[in-house]
Amino acid sequence: MTVVGFWHGYPEANSATSGYLLEHDEYKLLLDCGSGVLSNVQSFCSLDDLNGIVLSHYHGDHKADITPFQYSRILNAQKSGYKTPIIYGHNDDKAEFSKLPFRDVVKAIPYNDYDRLLIGPFVFFFQRTNHPVPCYAMKVELAGKILVYTADSSFSEELASFAKGCDLLISECSAYAGETVSEFGHMNSEDAGRLAALAQAKSLILTHLPHYGEHQQLKVEASEQFSGEIYLAKQGFSIEL
Ligand SMILES: [Zn+2]
Ligand SMILES: [Zn+2]
């Protein structure tokens, strides 16, 4: 897993909002495709090599680069060996879901929270989060390893149950300890640490980071709740499970 973008809201200079690249053998999958992700992901792989994208929800900081992704595919569709990518999204908002497929060069498949979904070598499970619009956390399993991405959510015990025993928890962390963001469907550093502790996660990455303060402080605050390994998301940060 490689962090392609980690900002909350908008990308700072030469950076990106939510985007995480999962790779196994030759299979490459993006989790979310926020602003700046399409440019930055090319530091790690060619756009033509992306097999698909899984979107947690349709807020701009998670899906802004879907349109340029579609354009890249129409412009390169004549290349030999063209692979038709699939965008996976929820269908709770039908108007948004209908924008994901593009002519005959990009397909879209809906997911739900009651079936597992096989995406390449990965087994995906989804769970609705607490957020102002429908949004889904993702659990990804492969060869006995479990990765959970909270997407956008306030703290909940249901989310901790969903993430139970994961090897890596990629948790949003939109604010510092003591700041109240749950009413906006977000977590602060304490919430993220508490979530990881309750889930008994092996390790935690703090991401979806605020545009102020010293991010190192978020790690200190989360570590008061969670004793496992904690990383701060950075562009290009990579971890092998
Ligand atoms: Zn959101
Ligand atoms: Zn967001």
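Residues numbered from 1 in each chain as written. Chains lettered and ligands numbered in written order. Predicted model: local features only at pLDDT ≥ 70, side-chain atom pairs only at ≥ 80, totals over all residues. Heavy atoms only, no water.

**Digging into the sheet that holds strand E2 (residues 19–24)**
Within a beta sheet, neighbouring strands are joined by backbone hydrogen bonds and run either parallel or antiparallel to one another. Strand order in the open sheet formed by six strands is E1-E2-E3-E4-E5-E6, and the pairing between neighbours is mixed. On the outer flanks of this sheet lie strand E1 (2–5) and strand E6 (107–111), each paired with one strand and no other. For this sheet, the mean inter-axis angle between neighbouring strands, taken without regard to orientation, is 25°. Taken together, the three bridges between E1 and E2 define a ladder with antiparallel strand orientation. Bridging across to E2, glycine 5 finds its partner in glycine 19. (Pairing = 2+ DSSP bridges. Helix = DSSP H or I, 4+ residues; strand = E, 2+ residues; numbered from the N terminus. Axes fitted to C-alpha atoms, helices over the stretch in contact; angles between N-to-C directions.)

**Describing the coordination of the zinc ion (ligand 1)**
Bound to the zinc ion (ligand 1) are the protein donor atoms His57 (NE2), His59 (ND1), His131 (NE2) and Asp152 (OD), situated 2.2 to 2.4 Å from the metal. Taken together, the four donor atoms coordinating the zinc ion (ligand 1) and their angles of 92 to 167° define a geometry best described as irregular. All donors to the zinc ion (ligand 1) come from one chain, and their sequence spacing reads H-x1-H-x71-H-x20-D. The distance between the zinc ion (ligand 1) and the zinc ion (ligand 2) comes to 3.6 Å, and aspartate 152 binds to both of them. Of this pair, histidine 57 sits in the loop between strand E4 (52–54) and helix H2 (60–63) while histidine 131 sits in the loop between strand E8 (122–128) and strand E9 (136–142), placing them 74 residues apart in sequence. No difference in accessibility class separates histidine 57 from histidine 131, as the two residues are buried. (Donors = N, O, S within 2.8 Å, 3.2 Å for Na, K, Ca; no water. Tetrahedral: all angles 85-135°; square planar, octahedral: opposite > 155°, others 65-115°. Buried < 20%, exposed > 50% of the residue type's maximum accessible area, 1.4 Å probe, protein only.)

Geometric values such as these leave the question of function open.
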